[in-house]
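# Working through the structure, step by step
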Amino acid sequence: MTRSEFDDIRAFLADEAADPGDVLALARELVDDLEDARLREALLRTHYLRLLTAARATMAADLLGESEPLAFVRHELATRGQVPEDGETAHRILSDARAAAELLECLENPTPRRPRELRLRRCVGSGRRLPH
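So, here is what we can say about the structure in this document. Only a predicted model underlies this, so the values are computations on that prediction, with no experimental measurement involved.

Rules used in this analysis
Residues numbered from 1 in each chain as written. Predicted model: local features only at pLDDT ≥ 70, side-chain atom pairs only at ≥ 80, totals over all residues. Heavy atoms only, no water. Helix = DSSP H or I, 4+ residues; strand = E, 2+ residues; numbered from the N terminus. Expected span 1.5 Å × (residues − 1). Buried < 20%, exposed > 50% of the residue type's maximum accessible area, 1.4 Å probe, protein only. Contact = heavy atoms within 4.5 Å. Polar contact = N/O pair within 3.5 Å; in protein donor to acceptor, adjacent residues only side chain to side chain. Patch = residues over 30% accessible without salt bridge, like charges linked within 9 Å, V, L, I, M, F, W, Y side chains within 5 Å. Areas by Shrake-Rupley, 256 points an atom, 1.4 Å probe, with all protein chains shown as cover. Salt bridge = Lys/Arg side-chain N within 4 Å of Asp/Glu carboxyl O. Lys, Arg positive; Asp, Glu negative; His and termini not counted. Charge placed at Lys NZ, Arg CZ, Asp CG, Glu CD.

## Regarding helix 2 (residues 20-63)
Across its 44 residues, helix 2 extends 64 Å between first and last C-alpha, which sits within 8% of the 64 Å expected from 1.5 Å per residue. Within helix 2 the residues assigned to the buried category are Leu26, Ala54, Thr58 and Ala61. Among the structural elements, helix 1 (3-14) and helix 3 (71-79) are those in contact with the buried residues of helix 2. A side-chain oxygen of the first residue of helix 2 lies 3.1 Å from the backbone nitrogen of Gly21; this N-cap is Asp19. Just beyond helix 2, the residue with positive phi is Gly65, at close to 75°.

## Quick word on a negative patch on the surface
Among the surface-exposed residues, Glu5, Asp8, Glu29, Asp32, Asp33, Glu35 and Asp36 lie close enough to one another that they form a single negatively charged patch. The greatest single-element share of the negative patch, amounting to 5 residues, is contributed by helix 2. Along the chain, Asp33 falls in helix 2.

## Quick word on the pattern of salt bridges
Working definition: two side chains of opposite charge can pair if their charged atoms are close together. Scanning all chains against the criterion turns up 5 salt bridges. For Arg45, the salt bridge goes to Glu41, with nearest N and O atoms at 3.0 Å. You can see Arg45 and its partner Glu41 sitting in helix 2, 4 residues apart, about one turn around the helix. A salt bridge links Glu76 to Arg80, with the nearest nitrogen and oxygen atoms 3.4 Å apart. A network of salt bridges, in which partner residues are shared, links Arg50, Glu76 and Arg80.

What follows is the structure, encoded as structure tokens:
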């Protein structure tokens, strides 16, 4: 839900002339939206946990010198149809991953901004006279 939608709902609820039946209908709609959001969150958490488990298993297999350490991640990605199929796709994915890593670094460790110095502006140009 967007900020604008939240603002619209708050304004609707603050309106003393709002029909109680409309308020009840809005409440039911919001409860349905909340339930959908919680379901999506649970699904995303499940996908994240599966990917995290596959990544950890891959690292453990690599540490133990297994012959196919990427099998866990490969299986998880194949389940979702996300395995790169050609060199061009692989290069694009690596580029996207690097850009995402740089973006996350900037978000997690922002560079402090220098305080801006006040600049005095001077009017330069031809002289002007006010009409008499």
